[in-house]
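For reference, the chains in residue letters:
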Amino acid sequence: PPVIDGRLDEWAVEPSLHLGGTAADTIRISDAYGGAADCSAAVRLQWDEQALYLGVTVTDNAHHQTESGSQIWRGDCIQLAFRNGPPAAAAGYDGTEHELGLTLGPQGPEVFAWMPDQGIRTDIPLKVVRTGTETCYEAAVPWSALGVTGLRAGRRLAWSMTVNDHDGESFRGWLEWTPGICGNKDASAFGWFEAVEP
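This structure is a prediction, so every number in the text was calculated from the model and none was measured.

**Points about the overall build of the chain**
So, point 1. From N to C terminus, the chain includes zero helices and 13 strands.
So, point 2. Ordering the α and β elements of the chain from the N terminus gives β-β-β-β-β-β-β-β-β-β-β-β-β.
So, point 3. Taking the principal axes of the C-alpha coordinates as reference, the chain spans close to 40 × 40 × 35 Å.
So, point 4. Expressed as a percentage of the 198 residues in the chain, the buried residues total 52%.
So, point 5. Of the contacts made within the chain by residues no fewer than 6 positions apart, 62% connect residues no fewer than 24 positions apart.
So, point 6. When the accessible surface of the chain is split by element, carbon and sulfur atoms take 50% of a total near 8900 Å².
So, point 7. Here the chain holds 13 positive side-chain charges and 27 negative ones, and the gap between their average locations is 3 Å.

Laid out in structure tokens, this is it:
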């Protein structure tokens, strides 16, 4: 597993996902979106039987987060949601989803769980480093915190993630891998995470 230090030196060079920039279908920022330099993200993912390892480099011209706890979605943060199985058969959340937020807040890095039980999670390693216009998030999220059991190569799970943007005046919107987290909660719109051996 990677060392959770807010540096992605030991990660694969090529990100798993690109959000924002020229990936127009991922952009849900309506207030004069200014392209990749305004808000974009390169997402790296690793896994083993214990945890999901997340390494995200967010390019953002202004980092703003004054909230803590359940309101961190209003500022710059990452939201992450999983189901221990396929996308939901019907629109909405059915109570089996697990949703977390990762942020660099007033007191430092913070992980908050919205579902199924609300609360700050101090047991999830997270390091967030802001350098210039880049914010690097690195976390080791136990599968148990995402409601996932028995993960092994070949398993497929439903999930999505967002990168939320607030430039200091108001919440501007988000970047999303798929719909279903911000706006309307809808696990039927989640995409697939497949656990593949390196």
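Alright, that's what it looks like, and here's the rest.
**Overview of the pairing of strand 12 (residues 171–176)**
So, point 1. Within strand 12, five of the six residues are buried, which leaves it mostly tucked inside the rest of the structure.
So, point 2. Pairing between strand 2 (residues 27–29) and strand 12: three bridges, direction antiparallel. In the strand pairing of strand 12, Ile29 is matched with Gly173.
So, point 3. Sheet topology note: the strand 11 (residues 156–166)/strand 12 ladder contains five bridges and is antiparallel. Each residue of the ladder has a partner; that of Val163, found in strand 12, is Leu175.

**A word on the environment of Ser68**
So, point 1. One can find Ser68 in the loop between strand 4 (51–60) and strand 5 (77–83).
So, point 2. Through-space distance from the C-alpha of Ser68 to that of Ala153 is 36 Å; in sequence the pair is 85 residues apart.
So, point 3. For Ser68, the contacting residues outside a window of four places in its chain are Glu110 and Ile120.
So, point 4. A distance of 2.7 Å separates the side chain of Ser68 from the side chain of Glu110, its partner in a polar contact.

**Looking at the pattern of salt bridges**
So, point 1. For the structure on display, the rule yields nine salt bridges.
So, point 2. Across the pair Arg121 and Asp123 runs a salt bridge whose closest N-O atoms are separated by 2.8 Å.
So, point 3. Accessibility expressed as a relative area gives 25% for Arg121, which makes it partly exposed.
So, point 4. A relative accessible area of 45% means that Asp123 is categorised as partly exposed.
So, point 5. One salt bridge in this structure joins Asp165 and Arg172, with 2.5 Å as the shortest N-O distance.
So, point 6. Salt bridges sharing common partners tie together Asp38, Asp165, Asp167 and Arg172.

**Considerations on the packing of aromatic side chains**
So, point 1. Tallied over the full model, the rule gives 10 aromatic pairs.
So, point 2. Ring centres of Trp73 and Phe171 lie 5.5 Å apart, and the angle between their planes is 80°; on these two criteria the pair is classed as edge-to-face. In this pair, Trp73 sits in the loop between strand 4 and strand 5 while Phe171 sits in strand 12, placing the two residues 98 residues apart along the sequence.
So, point 3. According to the relative accessible area criterion, Trp73 is partly exposed, its value standing at 30%.
So, point 4. Residue class for Phe171 comes out partly exposed when judged on its relative accessible area of 29%.
So, point 5. Ring centres of Phe112 and Trp114 lie 5.6 Å apart, and the angle between their planes is 70°; on these two criteria the pair is classed as edge-to-face. Just as Phe112 is buried, Trp114 falls in that class too.
So, point 6. An aromatic cluster is defined as three or more aromatic residues linked by ring pairs; in this entry it consists of Phe82, Trp143, Trp159, Trp177 and Phe193.

**What to know about the nonpolar core**
So, point 1. Core analysis: the largest hydrophobic core is formed by 37 residues, its most contacted members being Val56, Phe82, Trp143, Leu146 and Val163.
So, point 2. Ignoring sequence-local partners within four residues, the contact set of Leu146 consists of Leu52, Leu80, Phe82, His98, Leu100 and Val141.
So, point 3. Counting eight residues, the second largest nonpolar core, distinct from the first, contains Ala81, Ala88, Ala158 and Phe190.

Analysis parameters
Residues numbered from 1 in each chain as written. Predicted model: local features only at pLDDT ≥ 70, side-chain atom pairs only at ≥ 80, totals over all residues. Heavy atoms only, no water. Helix = DSSP H or I, 4+ residues; strand = E, 2+ residues; numbered from the N terminus. Buried < 20%, exposed > 50% of the residue type's maximum accessible area, 1.4 Å probe, protein only. Contact = heavy atoms within 4.5 Å. Areas by Shrake-Rupley, 256 points an atom, 1.4 Å probe, with all protein chains shown as cover. Lys, Arg positive; Asp, Glu negative; His and termini not counted. Charge placed at Lys NZ, Arg CZ, Asp CG, Glu CD. Pairing = 2+ DSSP bridges. Polar contact = N/O pair within 3.5 Å; in protein donor to acceptor, adjacent residues only side chain to side chain. Salt bridge = Lys/Arg side-chain N within 4 Å of Asp/Glu carboxyl O. Phe/Tyr/Trp six-rings, centres within 6.5 Å; stacked < 30°, edge-to-face > 60°. Core = buried A, V, L, I, M, F, W, Y, C linked by side-chain atoms within 4.5 Å.

None of this, on its own, says anything about what the molecule does.
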